[in-house]
Amino acid sequence: MKITICIGSACHLKGSKRVVNRLQELVAENGLSDKAEMNGAFCMKKCGEDGVRVMVDDKIFSVLPENVDEFFKDEILSKMN
Ligand code: FES
């Protein structure tokens, strides 16, 4: 699974650094380091008011620092096999 987090300026302002840090922790805590490949990307041209853009494989999500745990559980952990 490929997880790409936008670190462009609009997403940076919405807390991309916190999203990256927390996702890294969650991936490590759940022993998924071998399965989840994490990358940063510059502006995905989908800047929005509602959060940091995170792409999981080909799907783009909007994640806020306070919702990272929920996002991880619903979109990453539950889709790992
Ligand atoms: S800065 Fe993240 S989508 Fe534009």
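Residues numbered from 1 in each chain as written. Predicted model: local features only at pLDDT ≥ 70, side-chain atom pairs only at ≥ 80, totals over all residues. Heavy atoms only, no water.

Caption draft 1: Representation of unusual backbone geometry in the model. For Lys45, which is not a glycine, the phi torsion comes out positive at approximately 60°. Within the secondary structure layout, Lys45 lies in the loop between strand 2 (37–41) and strand 3 (52–56). Phi angles above zero are rare outside glycine, and Asp57 is one such case at about 50°. Here Asp57 is to be found in the loop between strand 3 and strand 4 (59–63). (Helix = DSSP H or I, 4+ residues; strand = E, 2+ residues; numbered from the N terminus.)

Caption draft 2: Quick peek at the side chain of Glu75. The topology assignment puts Glu75 in helix 3 (residues 68–76). Side-chain polar atoms of Glu75 contact the side chain of Lys79, separated by 2.6 Å. Non-local contacts of Glu75, meaning those with residues more than four positions away in its chain, are made with Met1, Val56 and Phe61. (Polar contact = N/O pair within 3.5 Å; in protein donor to acceptor, adjacent residues only side chain to side chain. Contact = heavy atoms within 4.5 Å.)

Caption draft 3: Just the nonpolar core, in detail. Ranked by internal contacts, the top residues of the largest apolar core, which has 23 residues, are Ile5, Val19, Leu23, Val54, Phe71 and Ile76. Those elements that provide at least two residues to this core are strand 1 (2–6), helix 2 (16–29), strand 3, strand 4 and helix 3. Counting residues per element, this core draws most heavily on helix 2, which supplies 5 residues. Aside from chain neighbours lying at most four places away, what touches Val19 is Ile5, Val52, Val54, Val63, Leu64, Pro65 and Val68. (Core = buried A, V, L, I, M, F, W, Y, C linked by side-chain atoms within 4.5 Å. Buried < 20%, exposed > 50% of the residue type's maximum accessible area, 1.4 Å probe, protein only.)

Caption draft 4: Structural detail: helix 3. Among the residues of helix 3, those classed as buried are Val68, Phe71, Phe72, Glu75 and Ile76. Taken down its axis, helix 3 places every buried residue within 100° of arc, on the same side. Elements that come into contact with the buried residues of helix 3 comprise strand 1, helix 2, strand 3 and strand 4. (Arc of directions from axis to C-beta.)

Caption draft 5: The sheet that holds strand 1, seen in detail. Strand order in the open sheet formed by 4 strands is 2-1-3-4, with mixed pairing between adjacent strands. Looking at strand neighbours, the two that pair on one side only are strand 2 and strand 4, the edges of this open sheet. In this sheet, neighbouring strand axes are inclined to one another by 25° on average, regardless of whether the strands run parallel or antiparallel. Seen against the sheet, helix 2 touches strand 1, strand 2, strand 3 and strand 4 and runs at an angle of roughly 160° to strand 1. (Pairing = 2+ DSSP bridges. Axes fitted to C-alpha atoms, helices over the stretch in contact; angles between N-to-C directions.)

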